[in-house]
Amino acid sequence: DPLRNIVVGMPKAELHIHIEGSLEPELIFALAQRNGVSLAYSSVEALRAAYAFTDLQSFLDIYYAGASVLLTEQDFYDMTAAYLARVHADNVRHAEIFFDPQTHTARGVPIETVITGIWRACQEGPISSRLIMCFLRHLSEEEAIATLEDAAPYRDKFIGVGLDSSEVGHPPEKFARVFDRARELGLHLVAHAGEEGPPSYIRNALDVLNVERIDHGVRCLEDQLLVDRLVSEQVPLTVCPLSNIKLRVFDVMGKHNLRALLDAGLVATVNSDDPAYFGGYVNANYLAAFEALDLGVADAKTLARNSFTASFLDPEDKRKYL
Ligand code: HPA
Ligand code: ZN
């Protein structure tokens, strides 16, 4: 299948990947054993069988449980090295990787352990990567501000901040001050918006938080004025097709709006979100969407190009890929 070969073989960037969501069940069990952490599941198979989600929150509950095995710098290193090696095989040339420090500091793991472990793996390749620190939106803005301060000694190890976890009920404007502070520090700004939340969350992420990209953003199509703005400002959307099906944002891949997003002129990209939980890494996301939506070679080229134009690579680095 020539289209398949093009999609698989083309150089691409991944811009929406939570490193804790790359933790495969086998590694969760290995780290649990290494660290003497007990799990609520008796086997890899039993854990995998629990990956039946009904919405974002039902996923997050299991995702945070899986992350509880991460204790040492080596654990964070091993998780990150495994992800980078895996997506190198998908011809990912550059990854902008989310991490959730509060998931770990809440369990007593120092932020230094988290950042240093992940960062050290990123330094070693085999691909280019950058880190984006996410605030958990179900927690308070005060806690997000404390996390940003906690991370200040490691300012050179991450390029931006994001906003993830439970969306509905935790609108962007809840985090206005911490995003202002991050902007003063010269950090790039992104936020999850319009995954389960309404189009107004996308608008407020732009107007109140001043984000440069929207993570997910698929619900923008419910608001034509917002679509017009996203197109005219060329605001990238980091779309995650398999995630959207597993978390029931769309019933089936044939109902996904990726093609409509592209046809509207939006700067859509394809990403894996939490590949260990949603059934595949970035190429699996491309292939599932391409098959169900009857996308073609021109779409593949557009999506690969978008993944680099939407990245935070320096213009000179971008040019190498475009
Ligand atoms: N949405 C919100 N929070 C998350 C996600 C997501 O898709 N993945 C990991 N944390
Ligand atoms: Zn996400």
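Here the structure is a predicted model, which means the values were calculated and not measured.

A.B. asks: Hey, could you go over the sheet that holds strand E6 (residues 213-216) for me, with residue numbers and the actual values?
C.D. replies: Reading across from one edge, E1-E2-E3-E4-E5-E6-E7-E8 is the order of the eight strands in this open sheet, with parallel pairing throughout. The open sheet has two edge strands, strand E1 (12-18) and strand E8 (267-270), and neither has a second partner. On average, each strand axis in the sheet is inclined to that of its neighbour by 25°, with strand direction left out of account. Pairing of strand E4 (residues 160-164) with strand E5 (residues 188-193) involves two bridges; the strand directions are parallel. The residue of E5 that forms the bridge with Gly 160 is His 188.

A.B. asks: Would you mind going over helix H15 (residues 282-293) in detail, with residue names and values included?
C.D. replies: An α-helical segment advances 3.6 residues per turn. Residues three or four places apart therefore align on the same side. Here H15 contains twelve residues, and its C-alpha end-to-end distance of 16 Å stays within 8% of the 16 Å for a straight helix at 1.5 Å per residue. Of all the positions in H15, only Val 282, Asn 283, Asn 285, Tyr 286, Ala 289 and Phe 290 are classed as buried. The arc enclosing the buried residues of H15, seen along the axis, measures out at 160°, which places them on a common side. In the stretch just after H15, Asp 294 is the one whose phi turns positive, near 55°.

A.B. asks: Outline the site of ligand 1, supporting the account with residue identities and numerical values.
C.D. replies: Close to ligand 1 lie His 18, Gly 21, Leu 56, Tyr 63, Asp 164, Ser 165, His 192, Glu 195, Ser 243, Asp 273 and Asp 274. The class makeup of the residues in the shell around ligand 1 is two nonpolar, five polar and four charged.

A.B. asks: Give me the lowdown on the UniProt feature "site: Important for catalytic activity" (unreviewed entry) in the protein chain, citing residues and values where you can.
C.D. replies: The sites that UniProt annotates as "site: Important for catalytic activity" (unreviewed entry) are His 216. Relative to the helices and strands, His 216 is located in strand E6. With sequence-adjacent residues up to four places away left out, His 216 is seen in contact with His 192, Ala 193, Gly 194, Glu 195, Thr 238, Val 239 and Cys 240.

A.B. asks: Tell me what's going on with the packing of helix H8 (residues 141-150) against helix H9 (residues 176-184), and back it up with residues and numbers.
C.D. replies: Orientation of H8 relative to H9, taken along the N-to-C sense of each, is 20°, at an axis distance of 8 Å. The angle between H8 and H9 places the two elements in the roughly parallel class. Considering only the axes of H8 and H9, their crossing is right-handed. Residues Glu 141, Ala 144, Ile 145 and Leu 148 of H8 pack against Arg 177, Val 178, Arg 181 and Ala 182 of H9. Looking at the contact of H8 with H9 residue by residue, the classes come out as five nonpolar, no polar and three charged.

About the criteria used
Residues numbered from 1 in each chain as written. Chains lettered and ligands numbered in written order. Predicted model: local features only at pLDDT ≥ 70, side-chain atom pairs only at ≥ 80, totals over all residues. Pairing = 2+ DSSP bridges. Helix = DSSP H or I, 4+ residues; strand = E, 2+ residues; numbered from the N terminus. Axes fitted to C-alpha atoms, helices over the stretch in contact; angles between N-to-C directions. Expected span 1.5 Å × (residues − 1). Buried ≥ 20, exposed ≤ 12 C-beta atoms within 10 Å, placed from the backbone. Arc of directions from axis to C-beta. Near = placed C-beta within 6 Å. Nonpolar A, V, L, I, M, F, W, Y, C, P; charged D, E, K, R; others polar. UniProt positions renumbered as here; feature names shortened; annotations may be inferred. Contact = placed C-beta atoms within 7 Å. Parallel < 35°, antiparallel > 145°, perpendicular 65-115°, else oblique. Left-handed = near helix turned anticlockwise from the far one by under 90°.

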